[in-house]
Amino acid sequence: MPGPSGQQSGFDPGPFLERLDRLTRAIEEMTRQMRRVVDATRLVARGNKRLMASLETFLEECRFFMAPWDEDEESEDSEAEVDPEVQGLQEEQENPDSGVTHQTGLVQ
């Protein structure tokens, strides 16, 4: 390649252009791989979204079957059943040596 004075310069662009070409191909390959990663990430995100929707539906169904039919009535019944036991335990704590007879009929 002639220089400014018309003489041949010692620079050979061939190796430089080859390296530049390899660099360009490497960048193109990285771009393709990144597109694949982005596509895979989108698929995973969609799958997670579907999974979360299914899990929410499952949990709602579980709550439906596990929840009392009438919460007010259920809580009143539960308090009535537990109340004598609580009273017995309170009496036992207040008078541990009094020999109070509990629901089981045993003397403590």
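Located above this text is the structure these notes cover.
For clarity, every value in this text was computed on a predicted model and none was experimentally measured.

Calculation criteria
Residues numbered from 1 in each chain as written. Predicted model: local features only at pLDDT ≥ 70, side-chain atom pairs only at ≥ 80, totals over all residues. Heavy atoms only, no water. Helix = DSSP H or I, 4+ residues; strand = E, 2+ residues; numbered from the N terminus. Areas by Shrake-Rupley, 256 points an atom, 1.4 Å probe, with all protein chains shown as cover. Patch = residues over 30% accessible without salt bridge, like charges linked within 9 Å, V, L, I, M, F, W, Y side chains within 5 Å. Salt bridge = Lys/Arg side-chain N within 4 Å of Asp/Glu carboxyl O. Buried < 20%, exposed > 50% of the residue type's maximum accessible area, 1.4 Å probe, protein only.

(A) View of the overall build of the protein. Secondary structure summary: the protein contains two helices and zero strands in total. Here the protein has roughly 10,100 Å² of accessible surface; of this, 56% comes from carbon and sulfur atoms.

(B) A look at a nonpolar patch on the surface. Residues Phe-11, Phe-16, Leu-17, Leu-20, Leu-23 and Ile-27 make up a contiguous nonpolar surface patch of about 610 Å² in total accessible area. Tracing the backbone shows Phe-11 in the segment before α1 (13-66). Overall, Phe-11 belongs to the exposed group, its relative accessible area being 52%.

(C) Region of the structure containing the pattern of salt bridges. In the structure shown here, the tally under the stated rule is three salt bridges. Taking the shortest distance from any N to any O, the salt bridge between Glu-29 and Arg-32 comes out at 2.6 Å. Of the two residues, Glu-29 and Arg-32 both sit in helix α1, three residues apart, roughly one turn of that helix. A relative accessible area of 39% means that Arg-32 is categorised as partly exposed. Between Asp-39 and Arg-42 there is a salt bridge whose closest N-O contact spans 4.0 Å. Placement of the pair is Asp-39 and Arg-42 together in helix α1, with a separation of three residues, close to one helical turn. Take Asp-39: its relative accessible area is 42%, and that puts it in the partly exposed class.

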